[in-house]
Amino acid sequence: MYKYFPHTPEDVSSMLEKCGAGSLDSLYTDVREDIRLKGDYDLPSEKSELEVRAFFDRLGRKNSQLTCFAGAGVYDHYAPAAIQQLMERSEFLTSYTPYQAEISQGTLHYIFEYQSMMAELTGMEISNASMYDGTTATAEAMMLAYNNSRKADTVLYSESMDPKTIAVMRTYAHFHGVKLEKFNSLEVSPDDLKARLSEGGVAGVIVQQPDYYGIIEDFTGFADACHGSKALFIINSVAADLALLKTPGEWGADLAVGDVQSLGIPMAFGGPYAGYMCSTEKLMRKLPGRIVGETRDTNGQRAFVLTLQAREQHIRRQKATSNICSNESLMALYVTVYMSLMGKEGVKEAAQLSYDGAHYLCDKLVATGKAHLVFDKPFFNEFLIEVDNRDVFYDGAIARGILPGVKIGSDQLLMAVTEKRTKEEADELIAVLASV
């Protein structure tokens, strides 16, 4: 009768006793009292399928659909309608854990293609498939650098990285004994970095391209400085931007990490997304997750198998070196279909339109005399501006159905433009600022 609620009161009591908890409520003592639900859910005992659909349709209409000029790691990109249909093909909807190659060829095939595309996009030799999201991918890269070094226990990171990514890195570092040290990658020269590395103790250096504020940074000489001190050079990037920017491989990076959400995955109120991790061949056996390879079956036909799997999938968790044992395979499929449909030129065109649109919007906003670019540096499709009467402008844009950006500090806005934003939408936003 209750197939979705298999635990009996006796089961629950036994588990609570094992946990040392007196009640279910005591399991949530770390959750603030003021945000905890008091009482039962306000749910009817039963509804028909038609009534359930109508209920959630009404609920969904309460969401405000705003024209999005916000970014900060999540972007409103176009996705071909055919993606959803192709994802539902039976050969792709096999088990997400493809241990049995003979019955998981569809899953193994798209993972192989995903790896191939991500390796080409990042300019790296190897790609795994895949990570939970861009933040954990970066934290896993930090751990890989730490575990790769025999004596060094410090990882340097650029302070212009996404604060959310830095927060996750700090959590990982705290529980693994990694020392984190920040530096300003916009101001540090290769010689400055080399001098710090020469002091010893550094296992890796992590930077972001473009950085959190959309700035395109110059990492010339960084890889040489790192490799001279046997430290790994790690670059976090928005995946779609690499269609036009110099790739991590071209910068000489050892690891390329980031989120693939920009490759057509809907914003979806924060997820699910997926992270990528690509590396040099030298680090292949140290990557978390899995790597799928191509082979031939007994009939000589093309086939796919799990070539490498991280050991954490088969050992006791307390001995694992990584938290990645499963992955966001469905999202890897989404990205694979997206890149296949868009093609190389399509992905490049989307990135170019995003770049052009951002520069148009920035120039016009600054021309009003009511906004000023915070950093006088090259940027991609995202930029930070200081706005007169920022909150009045923000609220005015929301009233017009536009999300104008992400608030930074007391008077700044981080704004992003994608290929979905039209000139008319940008002009409407510009008009809102002009009227403030």
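Residues numbered from 1 in each chain as written. Predicted model: local features only at pLDDT ≥ 70, side-chain atom pairs only at ≥ 80, totals over all residues. Heavy atoms only, no water.

Engineer: I'm lost on the overall build of the protein in this one. Help?
Structural biologist: When its secondary structure is counted, the protein shows twelve helices and 15 strands. The C-alpha radius of gyration of the protein comes to 24 Å, within 12% of the 22 Å expected for a compact globule of 436 residues. The principal-axis extent of the C-alpha atoms belonging to the protein is close to 65 × 60 × 55 Å. Taking all 436 residues of the protein together, the buried fraction comes to 45%. Taking all contacts inside the protein whose residues are at least 6 apart in sequence as the whole, residues at least 24 apart take part in 69%. (Helix = DSSP H or I, 4+ residues; strand = E, 2+ residues; numbered from the N terminus. Rg over C-alpha atoms; globule rule 2.2 N^0.38 Å. Buried < 20%, exposed > 50% of the residue type's maximum accessible area, 1.4 Å probe, protein only. Contact = heavy atoms within 4.5 Å.)

Engineer: Can you walk me through the side chain of Thr-138 in this structure?
Structural biologist: Turning to its location among the elements, Thr-138 is positioned in helix H5 (residues 134-148). Polar contacts involving the side chain of Thr-138 include one to the main-chain carbonyl oxygen of Gly-134, which spans 2.8 Å. For Thr-138, the residues in contact, after removing those within four places along its chain, are Met-161, Thr-165, Met-169, Ile-206, Asn-236 and Val-257. (Polar contact = N/O pair within 3.5 Å; in protein donor to acceptor, adjacent residues only side chain to side chain.)

Engineer: Any chance you could explain the sheet that holds strand E7 (residues 255-259) here in plain terms?
Structural biologist: Either a parallel or an antiparallel arrangement is found when strands of a sheet pair, and the pairing is made through backbone hydrogen bonds. One open sheet accounts for seven strands, arranged E2-E8-E7-E6-E5-E3-E4; its pairing is mixed. The outermost strands of the open sheet, each flanked by one partner alone, are strand E2 (126-127) and strand E4 (179-183). Of the pairings in the sheet, the one linking strand E3 (residues 154-158) to strand E5 (residues 202-208) comprises four bridges and is parallel in character. Across the sheet, the residue bridging to Val-155 is Gly-204, located in E5. Contacting E2, E7 and strand E8 (275-279), helix H4 (residues 105-122) crosses the sheet at an angle of about 70° to E8. (Pairing = 2+ DSSP bridges. Axes fitted to C-alpha atoms, helices over the stretch in contact; angles between N-to-C directions.)

Engineer: What is the right way to look at the packing of helix H11 (residues 390-399) against helix H12 (residues 423-435) in this model?
Structural biologist: Interhelical geometry of H11 versus H12 gives an angle of 135° and a closest axis separation of 9 Å. Between H11 and H12, the crossing angle belongs to the class labelled oblique. Of the two elements, H11 crosses H12, and the hand of that crossing is right-handed. Residue-level inspection shows Phe-393, Gly-396 and Ala-397 of H11 in contact with H12, the latter providing Leu-429, Val-432 and Leu-433. (Parallel < 35°, antiparallel > 145°, perpendicular 65-115°, else oblique. Left-handed = near helix turned anticlockwise from the far one by under 90°.)

Engineer: Looking at this structure, I do not really get the packing of aromatic side chains. What am I missing?
Structural biologist: Enumeration according to the criterion identifies eleven aromatic pairs in this entry. When the centroid spacing of 5.8 Å and the interplanar angle of 80° are considered together, the rings of Phe-92 and Tyr-110 count as edge-to-face. Here Phe-92, found in the loop between helix H3 (82-87) and H4, pairs with Tyr-110, found in helix H4; they are 18 residues apart in sequence, far enough to count as distant. For Phe-92, a relative accessible area of 19% corresponds to the buried category. Among the residues examined, Tyr-110 registers a relative accessible area of 5% and is labelled buried. On the basis of an interplanar angle of 70° and a centroid distance of 5.2 Å, the ring pair of Tyr-212 and Tyr-213 is categorised as edge-to-face. Relative accessible area serves as the criterion here: at 9%, Tyr-212 is assigned to the buried category. On the basis of relative accessibility, which here comes to 22%, the residue Tyr-213 falls in the partly exposed class. Through pairs of rings, three or more aromatic residues link up here, namely Phe-219, Phe-222, Phe-233 and Trp-251. (Phe/Tyr/Trp six-rings, centres within 6.5 Å; stacked < 30°, edge-to-face > 60°.)

Engineer: It is not clear to me how the nonpolar core should be interpreted in this structure. Could you clarify?
Structural biologist: A general feature of soluble globular proteins is that nonpolar side chains tend to end up buried together. Grouped together as the largest cluster of nonpolar side chains are 42 residues, with contacts concentrated most on Tyr-114, Met-118, Val-260, Leu-263 and Tyr-276. If you list the elements that add at least two residues to this core, you get H3, H4, E8, strand E10 (302-309) and helix H10 (329-367). At twelve residues, H10 tops the list of elements feeding residues into this core. The residues touching Met-118, leaving out its near neighbours within four places in the chain, are Ser-127, Val-260, Leu-263, Tyr-276, Cys-278 and Met-339. (Core = buried A, V, L, I, M, F, W, Y, C linked by side-chain atoms within 4.5 Å.)

Engineer: What should I look at first to understand the layout of surface pockets in this one?
Structural biologist: Where empty space is left in the structure can be found by rolling a water-sized probe over the atoms. Here the largest pocket is characterised by a volume of approximately 500 Å³. For the lining of the largest pocket, a count of residues per class yields 13 nonpolar, eight polar and two charged. (1 Å grid on protein atoms, 1.4 Å probe; cavity = no way out; pocket = protein on both sides within 12 Å on 5 of 7 lines; lining within 4 Å. Points joined across faces, edges and corners; volume = space filled by probe spheres on them. Nonpolar A, V, L, I, M, F, W, Y, C, P; charged D, E, K, R; others polar.)

Engineer: What is the right way to look at the side chain of Arg-390 in this model?
Structural biologist: For Arg-390, the location among the structural elements is in helix H11. Sequence-distant contacts of Arg-390, that is, excluding residues within four places in its chain, are made with Lys-407, Ile-408, Gly-409, Ser-410, Asp-411, Gln-412 and Leu-413.

Engineer: Even after reading the chapter, I still don't get the sheet that holds strand E14 (residues 406-408), so can you show me in this structure?
Structural biologist: Pairing is antiparallel in the open sheet, where four strands are placed in the order E11-E12-E15-E14. A strand with exactly one partner marks an edge of an open sheet, and here the two such strands are strand E11 (371-373) and E14. Each strand axis lies, on average, 35° off the axis of its neighbour in the sheet, ignoring direction. Set on the sheet, H10 makes contact with E11, strand E12 (382-387) and strand E15 (412-416); between it and E12 the angle comes to about 10°.

Engineer: Which parts of the structure should I look at to understand a positive patch on the surface?
Structural biologist: Among the surface-exposed residues, Arg-150, Lys-151, Lys-230, Lys-282 and Lys-286 lie close enough to one another that they form a single positively charged patch. When you line up the elements, Lys-286 lands in the loop between E8 and strand E9 (290-296). Residue class for Lys-286 comes out partly exposed when judged on its relative accessible area of 46%. (Patch = residues over 30% accessible without salt bridge, like charges linked within 9 Å, V, L, I, M, F, W, Y side chains within 5 Å. Areas by Shrake-Rupley, 256 points an atom, 1.4 Å probe, with all protein chains shown as cover. Salt bridge = Lys/Arg side-chain N within 4 Å of Asp/Glu carboxyl O. Lys, Arg positive; Asp, Glu negative; His and termini not counted. Charge placed at Lys NZ, Arg CZ, Asp CG, Glu CD.)

Engineer: Teacher, can you tell me more about H4 here?
Structural biologist: In an α-helix there are 3.6 residues to a turn, and that puts residues three or four apart on one side. Compared with the 26 Å implied by 1.5 Å per residue over 18 residues, the 26 Å span of H4 between its first and last C-alpha is a close match. Buried residues of H4: Gly-106, Thr-107, Leu-108, Tyr-110, Ile-111, Phe-112, Tyr-114, Gln-115, Met-118, Ala-119, Leu-121 and Thr-122, and no others. Of the residues trailing H4, Gly-123 is marked for its positive phi of about 75°. (Expected span 1.5 Å × (residues − 1).)

Engineer: In this structure, what is going on with a nonpolar patch on the surface? I would like to understand it.
Structural biologist: The grouping of Leu-24, Leu-27, Tyr-28, Val-31 and Ile-35 at the surface amounts to a nonpolar patch, some 470 Å² of accessible area in total. Inspection of the secondary structure assignment puts Leu-24 in the loop between helix H1 (9-19) and helix H2 (49-60).

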